[in-house]
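Chain by chain, the residues run as shown.
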Amino acid sequence: MDNNSFTNIDHKLKLRSKKGQLPFVEVNGEEIADSTIIMQELATRYDKDLDAALSQEQRNIAHAMISMLENHLVWVVLSWRSKNTEQMLKGYKINLQHALGSRLPNALLNFFFKFQFSRKGAKKVKAQGLGVHKPEEIEEFGRKDLKVLSELLADKPFFFGDEPTTLDCVAFSVLAQIHFILDEVKYGLKEFMQENCPNLVGHVSRIKERCFPDWEDICAKLDLNAHIPKPEPETKENKEGADTEKTAEQDKNESEKELEKDNSNEKSEKKEEPEKVVEENKEKEEAAAK
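Cut-offs applied
- Residues numbered from 1 in each chain as written.
- Predicted model: local features only at pLDDT ≥ 70, side-chain atom pairs only at ≥ 80, totals over all residues.
- Heavy atoms only, no water.
- Helix = DSSP H or I, 4+ residues; strand = E, 2+ residues; numbered from the N terminus.
- Areas by Shrake-Rupley, 256 points an atom, 1.4 Å probe, with all protein chains shown as cover.
- Core = buried A, V, L, I, M, F, W, Y, C linked by side-chain atoms within 4.5 Å.
- Buried < 20%, exposed > 50% of the residue type's maximum accessible area, 1.4 Å probe, protein only.
- Contact = heavy atoms within 4.5 Å.
- Salt bridge = Lys/Arg side-chain N within 4 Å of Asp/Glu carboxyl O.
- Expected span 1.5 Å × (residues − 1).
- Pairing = 2+ DSSP bridges.

A. Highlighting the overall build of the chain. Assigned secondary structure in the chain consists of eleven helices and two strands. Secondary structure elements of the chain occur, N-terminal to C-terminal, as β-β-α-α-α-α-α-α-α-α-α-α-α. Total accessible area on the chain is roughly 19300 Å²; 52% of this is exposed by carbon and sulfur atoms.

Here it is, written out as structure tokens:
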């Protein structure tokens, strides 16, 4: 990527940064991971600091609010997703064939995805600490976060005045995940935000209109590189049916291997736990004997 152009990579949920994170960018051959670090690095390199006009007090507030959004509210949303995978797929209108670049039937992909996503998501939320609470308690945490953001925004267009800052960008990235769930999918945090924090709904709409004038087109086509001219589609003389069947079989095998890998890792973790306990008990007995 140079100073004047960029390309979005459709990674099909398979590519990760060296840190194991998404998103990440590559700038002139250098990889930068984590959204906060990405924004800071790009601001420094290209002299585009969104927070240049903020006072030190405002910067401190922004830092605290961004920490709340990234280390708390986003986990509240992930907790709901991991427990309600079917509603999540429906609420975001996710087509797994497109998202994963697979030719397997969506019904089969949904089964594999729900099994893997639910288990991995729940495990991450529990490791973070939020997962030990009841769903209604977790939702209450989210409501309090939304209320704090709403009171900070008040009647201003953006959190610190008439122009958006880094906090506005981060808030949009999290609030949009709540606001744009389809109405037919019931989600308590969305209903709370609509009823009790209408200024946050307005904030999401302002950022969307300002930064994504082609929002509807993007959502319909899911095109990550609309700015790049598309090549003419290649015509193949091979039998498409045979190719499709072969690719579908490969996708199925990959999905099954991924499940086997997850199960193997889980069994290894469970096996290590009792061995660790035995070793600790042995050490205690030896210490007592001395």
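B. How the structure looks around the nonpolar core. Ranked by size, the top nonpolar core spans 46 residues in total, and within it Leu 73, Leu 146, Leu 149, Leu 175 and Leu 200 carry the most contacts. The element that contributes the greatest number of residues to this core is helix H2 (residues 56-83), accounting for ten residues. With residues near it in sequence (within four places) discarded, Leu 175 still touches Leu 73, Leu 146, Leu 149, Met 193, Leu 200 and Val 204.

C. Examining the pattern of salt bridges more closely. Counted according to the given criterion, the structure contains eight salt bridges. For Asp 49, the salt bridge identified is with Arg 59, shortest N-O distance 3.9 Å. Here Asp 49 is found in the loop between helix H1 (35-46) and H2, whereas its partner Arg 59 is found in helix H2, with ten residues between them in sequence. For Asp 49, a relative accessible area of 38% gives the class partly exposed. For Arg 143, the salt bridge identified is with Glu 139, shortest N-O distance 2.8 Å. One end of the pair, Arg 143, and the other, Glu 139, are both in helix H6 (residues 135-153), four residues apart, so they sit about a helical turn from each other. Arg 143 sits in the partly exposed class, given a relative accessible area of 29%. Salt bridges sharing common partners tie together Glu 30, Glu 41 and Arg 45.

D. View of unusual backbone geometry. Residues other than glycine seldom take positive phi values, yet Asp 47 does so here, at roughly 50°. Relative to the assigned elements, Asp 47 resides in the loop between H1 and H2. Of note in the backbone geometry, Ala 154 takes a positive phi value of approximately 55° without being a glycine. Looking at the secondary structure, you find Ala 154 in the loop between H6 and helix H7 (166-179).

E. Layout of H6. Between its terminal C-alpha atoms H6 stretches 27 Å, which fits the 27 Å expected from 19 residues at 1.5 Å a residue. On its buried face, H6 sits against H2, H7, helix H8 (188-196) and helix H9 (198-211). Directly beyond the C-terminal end of H6, a positive phi value near 55° is found at Ala 154.

F. Focus on the pairing of strand E1 (residues 24-27). Pairing analysis gives four bridges linking E1 to strand E2 (residues 30-33), with the strands arranged antiparallel. Within E2, the residue paired with Val 27 across the bridge is Glu 30. What sits between the antiparallel neighbours E1 and E2 is a turn of two residues, in which Asn 28 has the positive phi angle 50°.

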